[in-house]
Amino acid sequence: MKLRSFLDSQSGFRYIIERLSLSSSYSRQVLMDTPFTSTVKDIKAEYENLITFYRQFVEKGKFHFTIHGIKDKLSLVRDIRGSVLRLERGVTLDDVELFELKSLALISEDINHIFKETGLNVEYLNLCDLSSVLKILDPEGHRISSFYVYESYSVELSQIRKEIKSAEIFNEELHYKASLIEENVRKELCNKLMADVKNIRDSLSALANLDIIIAKSLQIKELNLTFPEISKKELSFIGLFN
């Protein structure tokens, strides 16, 4: 059963969920579609990661600006699961979809860099390395969040574009040739990106989960919440309110 099924319960659950300071609508969608954890092992694992992150980055407030810098990056994450699926199926993506993949790679790389600067171990967050994706979609290393079929992808395309620019009148044949080469370049890029499909999908998931764990950690501090102790036999609740 998914989390969204319990939003209308009378337990105040909706209040807690709606107060989570998530950075993107994509992260909220992932949260809503999260199955309820029901085994002791899985519950403990979830709490261990949350406790670790909270104590590392939120509890003492030392990394306040770091966290908000990461949240700014996470706010740029979009739901591109459809594009990833199309790529996996061998469909040649258009410029917008390739731009979205490049943006994801830039966001992932920036967040990894921010965490690296803290010097803390964050392996439990399962963040991915999308540097290979960035090399494919940003061959000139400009690190600009836009996509263009660069002339460096094709010598022939570079030559034709020069001819188009130097032509005094619109040359339909040259433009047609350029469009064919550009489409072929996109196809080649997608073929190369196929090797990174799993990594791209995992990164998209990891960034949403990072957004969720940050929001939970900030809420713990804001509401002065405590971590429960998980019993293997039975659970007891003391001092509950609302």
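No experiment lies behind these values; they were computed from the predicted model shown. (Residues numbered from 1 in each chain as written. Predicted model: local features only at pLDDT ≥ 70, side-chain atom pairs only at ≥ 80, totals over all residues. Heavy atoms only, no water.)

Trainee: Honestly, the pattern of salt bridges in this entry has me stumped. Any pointers?
Mentor: Here the idea is simple: oppositely charged side chains can pair when their charged atoms come close. Tallying each qualifying case throughout the model produces 16 salt bridges. When the shortest N-O distance is used, the salt bridge between D110 and K73 registers 3.3 Å. With a gap of 37 residues between them, D110 in helix α6 (residues 95-118) and K73 in helix α4 (residues 64-74) connect regions that are remote in the sequence. The class for D110 is partly exposed, based on a relative accessible area of 23%. Residue classification places K73 among the partly exposed positions, given a relative accessible area of 27%. K102 serves as the salt-bridge partner of D138, at 3.8 Å between the closest nitrogen and oxygen. Linking D138 in the loop between α7 (131-137) and α8 (155-166) with K102 in helix α6, this pair joins segments that are 36 residues apart in sequence. Assessed through its relative accessible area of 6%, D138 is described here as buried. (Salt bridge = Lys/Arg side-chain N within 4 Å of Asp/Glu carboxyl O. Helix = DSSP H or I, 4+ residues; strand = E, 2+ residues; numbered from the N terminus. Buried < 20%, exposed > 50% of the residue type's maximum accessible area, 1.4 Å probe, protein only.)

Trainee: Quick question: what am I supposed to make of the side chain of D138 here?
Mentor: Within the local environment of D138, its side chain forms a polar contact with the backbone nitrogen of H142, the two atoms lying 3.2 Å apart. Setting aside residues up to four positions removed in sequence, D138 forms contacts with K102, R143, Y150 and Y153. (Polar contact = N/O pair within 3.5 Å; in protein donor to acceptor, adjacent residues only side chain to side chain. Contact = heavy atoms within 4.5 Å.)

Trainee: What is the right way to look at the nonpolar core in this model?
Mentor: Where a protein is soluble and globular, its nonpolar side chains tend to be buried together. The biggest cluster of nonpolar side chains holds 66 residues, and the ones touching the most others in it are F53, L101, F115 and L210. With 12 residues, the single largest contributor to this core is helix α10 (residues 197-223). Beyond its immediate stretch of four places on either side in the chain, F53 contacts V58, I67, F115, Y124, L125, L210, I213, I214 and S217. (Core = buried A, V, L, I, M, F, W, Y, C linked by side-chain atoms within 4.5 Å.)

Trainee: Where do I start with α8 in this structure?
Mentor: Along an α-helix, residues three or four apart share an orientation, since each turn contains 3.6 residues. The end-to-end C-alpha separation of α8 is 17 Å, in line with the 16 Å expected for 12 residues at 1.5 Å each. Turning to α8, its buried residues number three or more, namely L157, S158, I160 and R161. An end-on view of α8 places all buried positions within 165 degrees of arc, on one side of the element. The exposed residues of α8 that point more than 90 degrees off its buried face are V155, E156, K162 and S166. On its buried face, α8 is in contact with α9 (172-193). Two to three positions downstream of the cap, the backbone nitrogen of E156 sits 3.4 Å from a side-chain oxygen, assigning the N-cap of α8 to S154. (Expected span 1.5 Å × (residues − 1). Arc of directions from axis to C-beta.)

Trainee: How should the layout of surface pockets be read in this particular structure?
Mentor: If a probe the size of a water molecule is rolled over the atoms, the empty space left behind becomes visible. If you add up the space inside the second largest pocket, you get close to 210 Å³. In terms of residue count, the dominant contributor to the lining of the second largest pocket is α6 (seven residues). Looking at the lining of the second largest pocket, its residues break down into eight nonpolar, two polar and four charged. (1 Å grid on protein atoms, 1.4 Å probe; cavity = no way out; pocket = protein on both sides within 12 Å on 5 of 7 lines; lining within 4 Å. Points joined across faces, edges and corners; volume = space filled by probe spheres on them. Nonpolar A, V, L, I, M, F, W, Y, C, P; charged D, E, K, R; others polar.)

Trainee: Mind showing me how you'd approach unusual backbone geometry here?
Mentor: Glycine aside, the phi torsion of most residues is negative, and most peptide linkages are trans. Unusually for a residue other than glycine, R143 sits at a positive phi of about 55 degrees. With respect to the helices and strands, R143 occurs in the loop between α7 and α8.

Trainee: Can you walk me through the packing of helix α5 (residues 81-88) against α6 in this structure?
Mentor: Interaxial distance between α5 and α6 falls to 10 Å at its minimum, and their mutual angle equals 110 degrees. Classified by the angle between their axes, α5 and α6 sit roughly perpendicular to one another. Here S83, V84, R86 and L87 of α5 come into contact with α6, specifically with E97, E100 and L101. Partitioning the contact of α5 with α6 into residue classes produces three nonpolar, one polar and three charged. (Axes fitted to C-alpha atoms, helices over the stretch in contact; angles between N-to-C directions. Parallel < 35°, antiparallel > 145°, perpendicular 65-115°, else oblique.)

Trainee: Can you walk me through the state of the cysteines in this structure?
Mentor: The tally for this structure, following the rule as stated, stands at zero disulfides. For the unlinked cysteine C128, the closest cysteine sulfur is that of C190, found at 20 Å. Classification of C128 as buried rests on a relative accessible area of 11%. The class for C190 is buried, based on a relative accessible area of 4%. (Disulfide = S-S within 2.5 Å.)

Trainee: What exactly am I supposed to notice about a nonpolar patch on the surface here?
Mentor: Taken together, M1, F6 and F36 make up a surface patch of nonpolar side chains, about 330 Å² in accessible area. Looking at where F36 falls in the secondary structure, it is placed in the loop between α2 (25-32) and α3 (40-58). The class for F36 is partly exposed, based on a relative accessible area of 40%. (Patch = residues over 30% accessible without salt bridge, like charges linked within 9 Å, V, L, I, M, F, W, Y side chains within 5 Å. Areas by Shrake-Rupley, 256 points an atom, 1.4 Å probe, with all protein chains shown as cover.)

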